[in-house]
Amino acid sequence: MRSAVVAATAVSLALLVTACGGGEKGGDKGDKGGTGAPSASATTSAPPAKALSAAELDKLIVETADLKGHQVTKAGSGDVVPAAQVTADKAACAPIAHAMSFISPGSPAASAQRKVMQEPKKDASASPEDALLGGLSAMVTAVTLGSYDGQGAQEAFASVKKAGTECADGFQVVHLKEKTKVAKVAPEAVTAGEEAVAFTVTSEMEGEPFVSKLVVFRKGNTLASFSTISLVPGGVKALPQAVVDAQAAKLG
């Protein structure tokens, strides 16, 4: 599975190579770089926001008890890499590359990460081959919460939204030393938090399209990112709505 996953997409490499395993406590340092102008909701009249701590985010991020039919584990120490090790050939596209890689875009003061794996539906009458295919089709979502001081969350959200427009025709990502070509970024409709965006991201896997989904929403000065993949041919067909809804409910 590891070799298939690495070939699939380096953008979501950290998530994919551990999709079928357990996790440990992930990193929560917020030394992330990012660009983008503040969104329309970022106003100078608002009082400066104070970021939550990593411990506070750990209490707010989704857990298994919040999601029926899913298993949630902490991202392992090797899953979360510094933002400087995930780069895009177009600077404007870095926020999307980061949001897909357990990295909160922009400059968060703290962050928390989880891996959410959908439990395959059990069918006692299924053949071993069909059972295996069913397991591979289960969606795996990397969930990242980032908390920001001041207008940082608004600025980070704006950079992701801007990237969705400027990077629609694709870009190249280097995750650690693995290169991946993102061929297309297409918008999807989503509602969550105070403002939200969603995209279908089509990458190239051995010359074939590999589809993943990306959702980012902002609630106050917290940004939630969801990057979803599956290992069936063609990739993910739908947004991880249950995961997004559970996280939105937990943030209040």
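The structure under discussion appears in the preceding block.
Residues numbered from 1 in each chain as written. Predicted model: local features only at pLDDT ≥ 70, side-chain atom pairs only at ≥ 80, totals over all residues. Heavy atoms only, no water.

(A) Representation of the pairing of strand E5 (residues 171–175). The alternating pattern of E5 places Phe171, Val173 and His175 on a buried face and Gln172 and Val174 on a face that is not buried. Judged from the three bridges that link them, strand E2 (residues 86–88) and E5 form a sheet pairing that is antiparallel. Pairing of Thr87 across the sheet is with Val174, part of E5. Note: E5 against strand E6 (residues 178–188), five bridges, orientation antiparallel. Paired with Val174 across the bridge in E6 is Lys179. (Buried < 20%, exposed > 50% of the residue type's maximum accessible area, 1.4 Å probe, protein only. Helix = DSSP H or I, 4+ residues; strand = E, 2+ residues; numbered from the N terminus. Pairing = 2+ DSSP bridges.)

(B) Fine view of the environment of Gly193. Following the sequence through the fold, Gly193 ends up in the loop between E6 and strand E7 (195–205). Once the C-alpha coordinates of Gly193 and Phe217 are considered, the two residues, 24 residues apart in sequence, prove to be 5.9 Å apart.

(C) Quick look at the nonpolar core. Among the nonpolar cores identified, the biggest contains 27 residues, and Ile96, Phe171, Phe199, Leu214 and Val216 are the most heavily contacted of them. At the level of elements, E2, helix H4 (94–99), helix H6 (152–166), E5, E6, E7 and strand E8 (208–219) are the ones that each hand at least two residues to this core. A total of five residues in this core trace back to one element, the largest contributor, which is H6. The residues touching Leu214, leaving out its near neighbours within four places in the chain, are Ile96, Ala99, Met100, Val197, Ala198, Phe199, Val201, Phe226 and Ser227. Counting residues in each nonpolar core, the second largest holds 24 residues, with Val116, Leu145, Phe226 and Leu251 among its members. (Core = buried A, V, L, I, M, F, W, Y, C linked by side-chain atoms within 4.5 Å. Contact = heavy atoms within 4.5 Å.)

(D) Broad picture of the state of the cysteines. Summed over the entire model, instances satisfying the criterion amount to one disulfide. The disulfide partner of Cys93 is Cys167, and the gap between their sulfur atoms is 2.0 Å. Negative torsions about the S-S bond denote left-handed disulfides, and the value of about -105 degrees found for Cys93 with Cys167 makes this one left-handed. Taken as a pair, Cys93 in the loop between E2 and H4 and Cys167 in the loop between H6 and E5 lie far apart in primary sequence, 74 residues in all. According to the relative accessible area criterion, Cys93 is buried, its value standing at 0%. (Disulfide = S-S within 2.5 Å.)

(E) The sheet that holds E8, seen in detail. A sheet is described by the order of its strands in space; here nine strands give the open sequence E1-E3-E4-E9-E8-E7-E6-E5-E2, paired in antiparallel fashion. The sheet terminates laterally at strand E1 (70–74) and E2, the two strands that pair on one side only. The mean angle between the axes of side-by-side strands here comes to 25 degrees, regardless of whether they run parallel or antiparallel. Packed onto the sheet, H6 meets E6, E7, E8 and strand E9 (222–229) and runs at close to 45 degrees relative to E7. (Axes fitted to C-alpha atoms, helices over the stretch in contact; angles between N-to-C directions.)

(F) Quick peek at the environment of Gly106. Among the structural elements, Gly106 can be located in the loop between H4 and strand E3 (110–118). The sequence separation of Gly106 and Ala153 amounts to 47 residues, and the corresponding C-alpha distance is 7.8 Å.

(G) Examining helix H7 (residues 241–251) more closely. Burial in H7 covers these residues: Val243, Val244, Ala246, Gln247, Ala248 and Leu251. Gly252 sits one or two residues past H7 and shows a positive phi near 90 degrees.

(H) Structural view of the pairing of E7. In terms of burial, E7 is a largely internal element, eight of the eleven residues being buried. With six bridges joining them, E6 and E7 adopt antiparallel strand pairing. By the bridge assignment for E7, Lys184 is matched with Thr202. Counted between consecutive antiparallel strands, the loop separating E6 from E7 contains six residues, among which Gly193 sits at a positive phi close to 60 degrees.

(I) Expanded view of H6. With 15 residues, H6 ought to run about 21 Å at 1.5 Å a step, and its terminal C-alpha atoms sit 21 Å apart, in line with that. Gly152, Ala153, Gln154, Ala156, Phe157, Ala158, Ser159, Val160, Ala163 and Gly164 are the residues of H6 that are buried. Each element contacted by the buried residues of H6 is listed here: H4, E6, E7, E8 and E9. (Expected span 1.5 Å × (residues − 1).)

As far as function goes, none of this settles anything; it's purely spatial.
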